[in-house]
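Survey of secondary and tertiary structure
The lines below spell out each chain.
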Amino acid sequence: MPYYTTKLLSAWPEKLTFEVGHPAPKVPPEILANVKMIDFVGYAPNPRTYRRNQVLAMTGKNRKDHGDVPKFRSEQDREKWFGKKGNPRQIQTPLDSLYPTSQSTTTPKYYRRVEIKYSKFGIEDFDFGFYNKTPYSGLETHINNSYCNAMLQVFFFTRPLRELAKAHIKTSCAKEYCLTCELGFLFRMIETAQGASCQATNFLRAFKTIPQASALSLFEPDQPSPDVDYATLIQNFHRFVLEQIQSDLGDDSATIIIPRPYAGRPSTMQQIYGLQLQAISQCTCNALNGRDTCPSVVDLLYARKPQGSPGQTSLLEHTFVGLLQSSINRVSVTKAWCNSCKRYQPTQQFRQLQRPPNFISINACAINADELELYRSDTPFIPERIAMVFDQGTLTVSALNRRMVTVVAPPTAEVAVYDLVATVVEIREENQLPHLAAHVAVDTAFGQQWFIFNDFLVQSIPEFEARQFKKWKIPAVIQYKKVDVDAVQDFRALQTAPNPAHLREMVLLNRRKERDLKFTYKILALNELPKEPGFLCALDAEFVALSKDEAEIRSDGTRSVIRPSRLSLARVSVLRGNGPQEGLPFIDEYISTTEEVVDYLTEFSGIKAGDLDTAHSRHPLVSLKVSNLYFGDAICGTGTLIDGRNS
């Protein structure tokens, strides 16, 4: 091969290559053998070797196995037991894809949108293990508002928040749809799943009941649309959930989980995410007015030059640390009331950070092309480590690398060093529906390792990928952690031990009097309460359908499920496994639901219309949250079996 100094014509650019589909299928030879020509049209009898209207290109003879799509588990079992003719398929998983380089323009497989395929056996037949070979669980996507999955993974790997949410479910929270309770149940399920896929069904159900979330347009449309700006949507969700958790927890300033010399008594959420700021207003008469604020999220601001400057771009030259510094010390001029002047005056407003936070959670807020172009430079725009230097009320943010352990600062300055631990990005490919993915730094037995969480696809990635952005990869959320947080955090003040007393706390929702209800169980006596692991019992659950499955009939006559039916827990029964009253239930309660039930599945569940109605039911009714305590706290960890997945 001769050496060329210019680019060959055969090096066709990607933007000029197009998918043209499969070639036209060949007419089967048994049809061609009996064809009769009349004028220019050929006629032949149907040999009955194919179904009517069947697309020949997709028949078993012509179809090729696709290595990037898993077979159903039932197909794998069938091939295992009965064998398969020919050579076995060489399965290529998303893990086999090469990592993208800085010059790569194509989207790697593990960034692409993943979808669940359904067989006649439902979602349980889908091979989630094909997409995840790690001990860290992914989240499924067949639920409304599952765009939250990426941010939920970031929350899960923020250990102080995870421990706080898990401890909250041990308290006597009276709120039926408590977002923090559902977050704690979800975190505990992910921990016990050990890499098996999980569902955020109950969290998203509680999220959908919050009126403020609807008012802020935080719900995605029922049908996916390429017009949805998921980067903005997840940033608004990020801010809203942190504020909602703070509201759910209330005043818990007496609990210290990250000991620091705080000014005042911060709440637990303020200890994790709080930026203790002083907002100062200065009038033209030099009168000062200040107030303390403690936001959980920093929204990046992009300064601009005056429009119309000849020969210059509209966006100032920026660095990430410069953007972060100016966004924290936000300066603006507006008209406000001055108590000294007794009238509205032009007022300069700015903020001063009072102490370094333990976690810095940042919304990128990059919208237009100039802002996005900053992140697409050849050298990563986001530094792997940053330092905050506080000196006499002045904040300076500088970029570091992991090898730098010291920071040059005045002797009177306070220095805080942070490492990048997570990013959330929007993946927007041409002619594809957009979606979100998270990069998270996980502490493993072999040190810190980065993973991508693309819904239920999980795999390890190099660190630079979390800081690298392309045209198809848009930054949304960035999170830094103070380097000494793991050493100083202390969760002993949180309630972590299981509370068996939940088995005796039956808060019924029935409007009927208790004497009119049918009780088929006997509550555990005090001496029967489990005091250590190994409490033997038998558990069963029944479900009702809130929606029927959506299916389509293909051209070959087969039925394909587009979306499975949505089930809701309707009854929980737990029996004593030993002792003098062995076999006697100590829990047998029905679960109240406010959602419309389309099928009570009576032939399987025994539940009839009216059994879940608080006004008419003669069975003891409890809330779904109480049933989750049975499944997870006092009885067992919620796993991936059918009875646990849908609870």
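Right above here is the structure, for reference.
What comes next is a walk through the structure. Worth saying up front: this structure is predicted, and the values here are computed from it rather than measured. Along each chain, numbering runs from 1 in the same order as the chain's sequence is written. Owing to the predicted nature of the model, reporting of local features is limited to residues with pLDDT of at least 70; listing and counting of side-chain atom pairs is limited to 80 or more, with chain, interface and lining totals taken over all residues. Excluding hydrogens and water, the side-chain values take into account all heavy atoms of the structure.

1. Some remarks on the side chain of N454
- Note on placement: N454 falls in strand β13 (residues 447–454).
- Contacts described as polar in this section are N or O atom pairs within 3.5 Å, which, within protein, must combine one atom able to donate a hydrogen with one able to accept it, while residues neighboring in sequence count only if both atoms come from side chains. Polar contacts involving the side chain of N454 include one to the main-chain carbonyl oxygen of Y110, which spans 3.1 Å.
- If sequence neighbours within four positions are ignored, N454 has contacts with Y110, Y111, R112, V114, H435, L436 and A437. In DSSP terms, a helix is any run of H or I states spanning at least four residues, a strand is any run of E spanning at least two, and both are numbered starting from the N terminus. In what follows, residue pairs with any heavy atoms lying within 4.5 Å of each other are defined as contacts.

2. Let's talk about the pairing of strand β20 (residues 585–591)
- Only protein chains enter the accessibility calculation, which uses a 1.4 Å probe; a residue is then buried when its area is under 20% of its type maximum, exposed when over 50%, and partly exposed in between. For β20, the buried fraction is high: 7 of the 7 residues fall into the buried class.
- Two strands are counted as paired when DSSP detects at least two bridges linking them. Here strand β19 (residues 566–576) runs beside β20; their pairing, made up of 5 bridges, is antiparallel. Looking at β20, one finds that L575 is bridged to P585.
- Here 2 bridges tie β20 to strand β21 (residues 621–622), and the two strands are oriented parallel to one another. Of the residues in β21, the one forming a bridge with Y590 is L621.

3. What to know about the nonpolar core
- Among buried residues, the Ala, Val, Leu, Ile, Met, Phe, Trp, Tyr and Cys ones that are joined through side-chain atoms within 4.5 Å form a nonpolar core. Within the largest apolar cluster, 118 residues are counted, with the highest numbers of intra-cluster contacts made by F237 and M388.
- Sorting elements by how many residues they give to this core places helix α8 (residues 230–249) first, with 10 residues.
- In this structure, M388 is in contact with L324, I328, L353, P357, I360, L395, T396, V397, E414, V415, A416 and Y418, ignoring residues within four places of it in sequence.
- If you look at the next biggest cluster of nonpolar residues, it comprises 15 residues, including L524, A541, L569 and V622.

4. Re the packing of helix α4 (residues 159–168) against helix α5 (residues 179–193)
- It is the contact of α4 with α5, at a shortest axis distance of 7 Å, that shows an interaxial angle of 110 degrees. The angle between α4 and α5 falls in the class roughly perpendicular. As for how α4 packs across α5, the hand of that crossing is left-handed. Listed contacts from α5 to L161, R162, A165, K166 and H168 of α4 are T180, C181, L183, G184, F187, R188 and E191.
- Just so you know the grouping, Ala, Val, Leu, Ile, Met, Phe, Trp, Tyr, Cys and Pro go in nonpolar, Asp, Glu, Lys and Arg go in charged, and all remaining residues, Gly too, go in polar. When grouped by side-chain class, the residues that make up the contact of α4 with α5 number 5 nonpolar, 3 polar and 4 charged. Under this scheme, a helix contributes an axis fitted over its contacting stretch, all axes are lines through C-alpha atoms, and angles between N-to-C directions fall in the 0 to 180 degree range. Relative orientations are named as follows: roughly parallel for angles under 35 degrees, roughly antiparallel for angles over 145 degrees, roughly perpendicular for angles from 65 to 115 degrees, and oblique for any other angle. Crossings are sorted by hand: turned counterclockwise from the far helix by less than a right angle, the near helix makes the crossing left-handed, and turned clockwise it makes it right-handed.

5. Here we look at the pattern of salt bridges
- A carboxyl oxygen of Asp or Glu within 4 Å of a side-chain nitrogen of Lys or Arg is what we treat as a salt bridge. Under the definition given, this model contains 19 salt bridges.
- Here E191 and R162 are joined by a salt bridge, their closest N and O atoms 3.2 Å apart. With E191 in helix α5 and R162 in helix α4, this residue pair connects regions lying 29 residues apart in the sequence.
- You can call E191 partly exposed: its relative accessible area is 27%.
- The shortest N-O distance in the salt bridge between R566 and E595 comes to 3.3 Å. Taken together, the residues span a long stretch of sequence, with R566 in strand β19 and E595 in the loop between β20 and α13 (602–605) at a distance of 29 residues.
- The exposure class of R566 is partly exposed, given its relative accessible area of 33%.
- Judged by relative accessible area, E595 falls into the partly exposed class, the value being 27%.
- Three or more residues joined by partner-sharing salt bridges are found here, namely R159, R162, E163, K166 and E191.

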